[in-house]
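# An overview of the molecular structure
So you can see what is in the structure, the chains are spelled out below.
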Number of protein chains: 2
Amino acid sequence: MPIDPMNLRKVSVFQNATENDLKLISQHAIERSVEDGEFFFFQGDPAEYFYVLISGRAKLMQTTTTGQQVNLRTISEWQMFGALGAVRENATYPATAQAMENSTALAVKSDYLKELMQTRPYLSVELMKLMTSYIQEMQERYRELATEKVERRIARVLLRLTAQMGVKTTDGSIELTFTRQDLAEMSGTTLYTVSRVLSEWERQGLVEAGRERVLIRKPHGVVAIAEELNQ
Amino acid sequence: MPIDPMNLRKVSVFQNATENDLKLISQHAIERSVEDGEFFFFQGDPAEYFYVLISGRAKLMQTTTTGQQVNLRTISEWQMFGALGAVRENATYPATAQAMENSTALAVKSDYLKELMQTRPYLSVELMKLMTSYIQEMQERYRELATEKVERRIARVLLRLTAQMGVKTTDGSIELTFTRQDLAEMSGTTLYTVSRVLSEWERQGLVEAGRERVLIRKPHGVVAIAEELNQ
DNA sequence: CCCCTTATTTGCGCCAGCGCAAAGAGGAAT
DNA sequence: ATTCCTCTTTGCGCTGGCGCAAATAAGGGG
């Protein structure tokens, strides 16, 4: 059952699209459901489709030859992913997309997007804006990883996630749903270190740590750690 | 003295431009010379112009609040830089561009590029390709920084630089012109560690290390370190 | 309600890499 | 040649963070 094309306007790249364009795109889309832990695509696969997540949650990651993983980005609803292939000819995905819950996405042929962009400059512009924001975020994260201590990197990851997908509870706390392993992959450290840091913060009353869950009790306290000038 | 517009075809984004477009662009360009160590622009400045380096060498870097630096990219002749501002409205540069030698660049108003892109899809396409390659490179470097040991990261930096700007000498060695500090900023470590690693490699006969200079004697040996599967 | 699986915590030992400090080396300019 | 400046090397001590191992906790399914 195809979704209402108007929903596609929630996708940043399509925010300025005409109603007709949205219909065209949705007509070219097929729905794909993927279970928790399974994959939309793997790094190195031919980038034949780009995706728009319509329900669930996924992550984009790179895997090293030795099997270690690095989390590049978390994808939530109405975000586009796998779109780099729409740009180059015969591109392959530069990362792997794995569902973090049971998820559904729309898949559209990259070639179709490429075709649309030929005659719709707004699409290129929006896609470039999105790419620009990725570049900036990666540059920033790269700098953090190169220059900042683990504790602060973890604090920043929590804040980034808060902005992107944090759920505010009634008492002003913020709830995040991630495993220690997820957080480790996002902050460039190990699950042991994440666990130790969260335990310490819990002792200080900043957060409450649970299974696959972190409840930020004092957001400003986490901000303080992330920004702290001393060191 | 304005340069020959045809030279602009060496810029990847302009490779498919018409002769007339190249002329238009060069007519809108002003030349700017910057001495060794001085700056084209700073992180946070309004991104009014984009640049094309026509002689010399520069680096793009991010500076932390505590003054530490991270090198994002080295710019050599006919590369475009500072173009992210052409995409967003009222953007600021996300990085600082510093000359590594006496350098000259063409500066063109970002707005002018934006205007051209409205009617020339090939420009958007090429710019997106460039952005895609940045994203991929940053993702890769991020993964390396997160998962790989210093020695291997340094090896990879040398190989990247070899591909980008290495000078082959008559006997098959490759010469690179960088300070230990530069290499440290590029591999996310300190100049001390770079120095120690290079000294060790010199003992093994892989390289010759000189002042602001590294001569790679056995490129395949460096590749072996960069690729080595054992750990 | 119990069992099994998966996530988390924490003690412990270890070492890669940091960063100070001081000495050495290479170039450029006079 | 001499001087000066900058870049580089290396000894030394230190520590942040890794990662094993084992215990503990939290769900989920039957």
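Refer to the structure above for everything that follows.
Residues numbered from 1 in each chain as written. Chains lettered and ligands numbered in written order. Predicted model: local features only at pLDDT ≥ 70, side-chain atom pairs only at ≥ 80, totals over all residues.

### Points about the overall build of chain A
Note the threshold: Secondary structure follows DSSP: runs of H or I at least 4 residues long count as helices, runs of E at least 2 residues long count as strands, and numbering of each begins at the N terminus. Here a residue counts as buried when 20 or more other C-beta atoms sit within 10 Å of its C-beta, as exposed when there are 12 or fewer, and as partly exposed otherwise, the C-beta atoms being derived from the backbone. Contact between residues is assigned whenever the C-beta positions, reconstructed from backbone atoms, fall within 7 Å.
Tallying secondary structure elements over chain A gives seven helices and 12 strands in all. Taken along the three principal axes of its C-alpha coordinates, chain A extends 55 × 40 × 35 Å. Within chain A, buried positions represent 41% of all 231 residues. Long-range contacts, defined here as pairs at least 24 residues apart, represent 66% of the contacts in chain A between residues at least 6 apart.

### Focus: the interface of chain A and chain B
Here is the rule: Asp, Glu, Lys and Arg are counted as charged, while Ala, Val, Leu, Ile, Met, Phe, Trp, Tyr, Cys and Pro are counted as nonpolar; the rest, among them Gly, fall into the polar class.
Taken together, the contact pairs 32 residues of chain A with 32 residues of chain B. Elements supplying a minimum of two residues to the side of chain A that touches chain B: β5 (69–75) and α3 (121–147) of chain A. Of the residues forming the side of chain A that touches chain B, the biggest block, 18 residues, is contributed by α3 of chain A. Looking at side-chain class alone, the side of chain A that touches chain B contains 17 nonpolar, 11 polar and four charged residues.

### A few points about the relation of the copies chain A and chain B
The criterion, for reference: Our superposition of the copies is a least-squares fit, built on the C-alpha atoms of residues whose pLDDT is at least 70 in both.
Screw-axis analysis of chain A against chain B gives a translation of 0.0 Å along the axis, an RMSD of 0.0 Å, and a rotation angle of 180 degrees. Here the transformation between the copies is reduced to the relation of a two-fold axis. Of all interface residues in chain A, 100% are interface residues in chain B too; the two copies therefore contact each other through one and the same surface.

### Some thoughts on the protein's contact with DNA strand C
We apply this condition: Nearness is defined per residue: the C-beta atom, placed using the backbone, must lie within 6 Å of the molecule or strand.
By nearness alone, 21 residues border DNA strand C, and R180, S195 and S199 of chain A together with K149 and T193 of chain B come closest of all. Those elements giving two or more residues to the surface near DNA strand C turn out to be α5 (180–187) and α6 (191–203) of chain A together with α4 (150–165) and α6 (191–203) of chain B. Of all the elements, α6 of chain A adds the most residues to the surface near DNA strand C, at six residues. Per-class residue counts for the surface near DNA strand C are six nonpolar, eight polar and seven charged.

### What to know about the nonpolar core
Which entries qualify depends on this criterion: A set of buried Ala, Val, Leu, Ile, Met, Phe, Trp, Tyr and Cys residues, joined to one another through C-beta atoms within 7 Å, is what we call a nonpolar core.
If you look at the biggest cluster of nonpolar residues, it comprises 94 residues, and the most contacted ones within it are Y51 of chain A together with Y51 of chain B. Look past the residues within four positions of Y51 of chain A in its chain and what remains in contact with it is F40, M80, F81, G82, A105, L106 and A107 of chain A.

### Observations concerning the protein's contact with DNA strand D
Neighbouring residues of DNA strand D: 21 residues in total, closest K149 and T193 of chain A together with T179, S195 and S199 of chain B. Elements with a contribution of two residues or more to the surface near DNA strand D: α4 (150–165) and α6 of chain A together with α5 (180–187) and α6 of chain B. For the surface near DNA strand D, the element with the highest residue contribution is α6 of chain B, accounting for six residues.

### Things to note about the pairing of strand β11 (residues 207–210) of chain B
Residues and elements named next belong to chain B. Condition: Strand pairing is defined by DSSP finding a minimum of two bridges between the two strands.
Across four bridges, β11 lies against strand β12 (residues 213–216) in antiparallel orientation. Looking at the pairing, V207 lines up with I216 of β12. A loop of two residues connects β11 with β12, the two strands running antiparallel in sequence, and E212 in this loop sits at a positive phi of about 55 degrees.

### Section: the packing of α5 of chain A against α6 of chain A
Residue and element names in this part refer to chain A. Basically, it comes down to this: Every axis in this analysis is a line fitted to C-alpha atoms, fitted for helices over the stretch in contact. Angles between the N-to-C directions lie between 0 and 180 degrees. Any angle that is under 35 degrees is reported as roughly parallel, and any over 145 degrees as roughly antiparallel; angles of 65 to 115 degrees are reported as roughly perpendicular and all others as oblique.
Where α5 contacts α6, the two axes come as close as 8 Å, and the packing angle between them is 105 degrees. Classified by the angle their axes make, α5 and α6 are roughly perpendicular. Only L191, V194 and S195 of α6 make contact with α5, whose side of the interface consists of R180, Q181, L183 and A184.

### Things to note about the environment of F40 of chain B
Residues and elements named next belong to chain B. Mapped onto the elements of the fold, F40 is located in strand β2 (residues 39–41). Distance from F40 to Q98, taken between C-alpha atoms, is 6.0 Å for residues 58 residues apart in sequence. With sequence-adjacent residues up to four places away left out, F40 is seen in contact with V34, Y51, A58, A97, A99 and A105.

### As for the sheet that holds β12 of chain B
Residues and elements named next belong to chain B. Judged by pairing direction, the sheet is antiparallel, and its four strands sit side by side in the order β9-β10-β12-β11 without closing on themselves. The open sheet has two edge strands, β9 (167–168) and β11, and neither has a second partner. Across the sheet, α6 is in contact with β11 and β12; its angle to β11 comes to roughly 135 degrees.

### Observations concerning the pairing of β5 of chain A
All names here are of chain A. Across the seven residues that make up β5, a large majority, five, are buried. Two strands pair when backbone bridges link them, and strand β4 (residues 58–63) and β5 are joined in this way by six bridges, in the antiparallel orientation. In the strand pairing of β5, A58 is matched with I75. Turn length for the β4-β5 hairpin, with the two strands adjacent in sequence and antiparallel, is five residues, and the turn residue G67 shows positive phi of about 90 degrees.

### Some points on unusual backbone geometry
Residue and element names in this part refer to chain B. Located in the positive-phi region is N90, a residue other than glycine, with phi close to 50 degrees. One can find N90 in the loop between β6 (80–81) and β7 (96–99). Its 8 C-beta neighbours within 10 Å are what place N90 among the exposed residues. Phi is positive for E212, which is not a glycine, with a value near 55 degrees. Turning to its location among the elements, E212 is positioned in the loop between β11 and β12. By C-beta crowding, E212 is classed as exposed, having 11 other C-beta atoms within 10 Å.

Purely geometric numbers; function is a separate question.
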